[in-house]
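Summary of structural features
What follows is the residue order along each chain.
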Amino acid sequence: MTGPTLSEYWDRAWTLLGTRRPDRRVFSELLARHREPERAYHNLQHLEECFARFEEVSALADRPGEILVALWFHDAVYNSHASDNEERSARWAAEVIRAAGGSGEVGARVSEMILATRHETAGPSGDAGLLVDIDLAILAAPESRFDQYEEQVRQEYRWVPEPIYRSTRARVLRQFLTRPSIYCTPAFQERFGAAARANLERSLRRLKR
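What comes next is a walk through the structure. All figures in this text were calculated on a predicted structure; none of them were measured in a lab.

**With respect to the overall build of the protein chain**
Along the protein chain, the regular secondary structure elements total ten helices and zero strands. For the protein chain, the α and β elements follow one another from N to C terminus as α-α-α-α-α-α-α-α-α-α. The C-alpha radius of gyration of the protein chain comes to 17 Å, within 12% of the 17 Å expected for a compact globule of 209 residues. Referenced to the eigenvectors of the C-alpha coordinate spread, the extents of the protein chain come out at roughly 55 × 35 × 35 Å. For the protein chain, the residues scored as buried account for 50% of the 209 residues in total. Within the protein chain, counting contacts between residues at least 6 apart in sequence, those at least 24 apart form 68% of the total.

**Remarks on the pattern of salt bridges**
In the structure shown here, the tally under the stated rule is 18 salt bridges. Between R191 and E56 there is a salt bridge whose closest N-O contact spans 3.1 Å. Of the two residues, R191 sits in helix α10 (residues 186-207) while E56 sits in helix α3 (residues 44-57), which places them 135 residues apart along the sequence. The class for E56 is partly exposed, based on a relative accessible area of 43%. A single salt-bridge network, built from bridges that share partners, covers E143, D147, R202 and R206.

**Comments concerning the packing of aromatic side chains**
For the structure shown, the criterion picks out 15 aromatic pairs. Judged by centre distance (6.5 Å) and plane angle (40 degrees), the rings of Y157 and Y165 are tilted. When its relative accessible area of 8% is taken as the criterion, Y165 is described as buried. Arranged with centres 5.6 Å apart and planes meeting at 45 degrees, the rings of Y183 and F188 form a pair that is tilted. Taken individually, Y183 and F188 each receive the classification buried, so the pair is uniform in this respect. Connected via pairs of aromatic rings, a cluster forms that spans Y9, W10, W14, F27, F51, W72, F73 and W92. Positioned above the aromatic ring of W92 is the side chain of R33, whose terminal nitrogen or guanidinium carbon lies 4.5 Å from the ring centre. The ring of Y165 is capped by R154, whose NZ or CZ atom sits 4.3 Å from the centre of that ring.

About the cut-offs
Residues numbered from 1 in each chain as written. Predicted model: local features only at pLDDT ≥ 70, side-chain atom pairs only at ≥ 80, totals over all residues. Heavy atoms only, no water. Helix = DSSP H or I, 4+ residues; strand = E, 2+ residues; numbered from the N terminus. Rg over C-alpha atoms; globule rule 2.2 N^0.38 Å. Buried < 20%, exposed > 50% of the residue type's maximum accessible area, 1.4 Å probe, protein only. Contact = heavy atoms within 4.5 Å. Salt bridge = Lys/Arg side-chain N within 4 Å of Asp/Glu carboxyl O. Phe/Tyr/Trp six-rings, centres within 6.5 Å; stacked < 30°, edge-to-face > 60°. Lys NZ or Arg CZ within 6 Å of the ring centre and 35° of its normal.

What is shown is where atoms sit, not what they do.
If you want it as structure tokens, here you go:
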């Protein structure tokens, strides 16, 4: 049995949020952006994996509609050459929420969740922490999928020379390993923390070769 379609997840997000549906062109543009040829990882596959994980943990959410909308927009803008992808994605999400009749408070919470996916600091709490954990669930994927993910990230940064990429990527992975907990929520850390750590350590060993 297959899960909900992307269209159904889109409708469900706004139903849970309690607003009008945005103009259908927003949905079409989001799909088009996630199909951009320069995206190897931050694409529809990643979105679908996030939604599948959301299904498993939605009972932990205080405001599940806000998490679903944040998932839809957290990679809405993606350019591996840029450093403001999350900021631009967050602004777009807030604009769409406002146009759909959502309050400024809802838009601000969704924006903050999207900004948390920069993964610059450890430990956002509440729904923001749950969103971050869903986004980082790939770290605990089976080895074959995790290795594919690492290859996809490298493809997105194919313009970076190999020595620079290896050192930069290693630094990013070590930052996760040095945290007291890789995941923000106890439920994710208990279920996925060990697998994520094993994958990260294995990837680091490869990067040092």
